[in-house]
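Observations on the three-dimensional arrangement
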Amino acid sequence: MSPVARPHAVEMLEPTLDENLRFALSRGNEPGRIGFEMCRKIVAGVRESRVHRPDLARRFGSYLLESHSSRLGHELWATYEQVYVALLHYGKSGKHAPATDTAMPDDLRAAQEYCNILSAQFPESLRVKRLEGMLCEARGLYDMAMEKYDEILAEDPNNMQATKRQIALCRARGKPGEAATRLIKYVEVVCSDVEAW
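One structure accompanies this document, and this report is about it. (Residues numbered from 1 in each chain as written. Predicted model: local features only at pLDDT ≥ 70, side-chain atom pairs only at ≥ 80, totals over all residues. Heavy atoms only, no water.)

**Quick look at the nonpolar core**
Core analysis: the largest hydrophobic core is formed by 47 residues, its most contacted members being Ile-42, Phe-60, Tyr-84 and Leu-88. Setting aside residues no more than four positions away along its own chain, Phe-60 makes contact with Ala-24, Asn-29, Pro-31, Ile-34, Cys-39, Ile-42 and Val-43. (Core = buried A, V, L, I, M, F, W, Y, C linked by side-chain atoms within 4.5 Å. Buried < 20%, exposed > 50% of the residue type's maximum accessible area, 1.4 Å probe, protein only. Contact = heavy atoms within 4.5 Å.)

Structure representation (structure tokens):
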């Protein structure tokens with residue numbers, strides 16, 4: 001008796017980020033018109049492919065958090081963080097005077113709200129503390145950002161992300177010597193970090 005031949009399962013491939021973006025464009029790129037599932041796929045696609053597209057995270061992720069946060073399930077906190085970082089990208093005060101609470105751009109104001117939500121949810125998180133430092137950087141409060149990163153490193157001396165933020169902060173403040181010194185110390189400990197090299 002011969003074994004029964006089983007048909008091969010047809011593997012359903014998820015559309016790529018580019019395909020999802022083409023679909024969104026065909027609907028006018030309006031989150032409300034393309035709906036929850038497509039917005040979720042776009043935001044997850046950006047996160048999973050690790051492409052730098054703060055525009056997509058801001059547009060589609062903000063819609064998800066404002067209109068469908070209860071439907072995001074396990075993706076909720078990752079989406080908050082992703083949109084938060086995108087908002088920081090758009091709200092940076094650059095070389096201008098530090099952004100005060102009253103003169104804060106809308107994107108930074110929204111980022112502050114998201115930061116408050118993340119801090120309340122994860123009060124002891126070093127990751128959230130790093131996000132708070134990034135908000136300080138975006139607002140031009142560089143000394144305060146450096147203090148946040150110092151606090152993280154006092155608690156976890158091997159926190160690579162906080163160390164890298166300090167290096168970037170030194171470069172942004174026009175202190176290439178200090179940035180180089182910190183970078184050399186960092187690569188002596190984490191010699192496998194290709195980005196640092």
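**Some thoughts on the side chain of His-68**
In this fold, His-68 is placed in the loop between helix H3 (54-67) and helix H4 (76-91). With near-sequence residues (within four places) excluded, His-68 lies in contact with Phe-36 and Tyr-63. (Helix = DSSP H or I, 4+ residues; strand = E, 2+ residues; numbered from the N terminus.)

**Things to note about the side chain of Glu-81**
Summarising the element assignment, Glu-81 is placed in helix H4. Classification of Glu-81 as buried rests on a relative accessible area of 18%. Apart from the residues within four sequence positions on either side, Glu-81 is in contact with Leu-118, Arg-127, Arg-130 and Leu-131.

**So, the pattern of salt bridges**
Enumeration according to the criterion identifies 13 salt bridges in this entry. Ionic pairing is found between Arg-53 and Asp-55, a salt bridge with its closest N-O pair at 2.7 Å. A single salt-bridge network, built from bridges that share partners, covers Glu-37, Arg-40, Arg-47 and Glu-75. (Salt bridge = Lys/Arg side-chain N within 4 Å of Asp/Glu carboxyl O.)

**Concerning the layout of surface pockets**
Estimated volume of the second largest pocket: approximately 260 Å³. Forming the walls of the second largest pocket are 15 residues, and the residues nearest its centre are Pro-157, Thr-163, Arg-182, Lys-185 and Tyr-186. Secondary structure elements with two or more residues in the lining of the second largest pocket: helix H8 (160-172) and helix H9 (176-189). Class assignment of the residues belonging to the lining of the second largest pocket gives a composition of seven nonpolar, five polar and three charged. (1 Å grid on protein atoms, 1.4 Å probe; cavity = no way out; pocket = protein on both sides within 12 Å on 5 of 7 lines; lining within 4 Å. Points joined across faces, edges and corners; volume = space filled by probe spheres on them. Nonpolar A, V, L, I, M, F, W, Y, C, P; charged D, E, K, R; others polar.)

**Some thoughts on unusual backbone geometry**
Look at Asn-29: it is not a glycine, yet its phi comes out positive at around 60°. For Asn-29, the location among the structural elements is in the loop between helix H1 (17-26) and helix H2 (31-49). Look at Asn-29 and you get partly exposed, because its relative accessible area is 24%. The backbone of Arg-50 shows a phi angle near 60°, a positive value even though the residue is not glycine. Within the fold, Arg-50 resides in the loop between H2 and H3. For Arg-50, a relative accessible area of 76% gives the class exposed.

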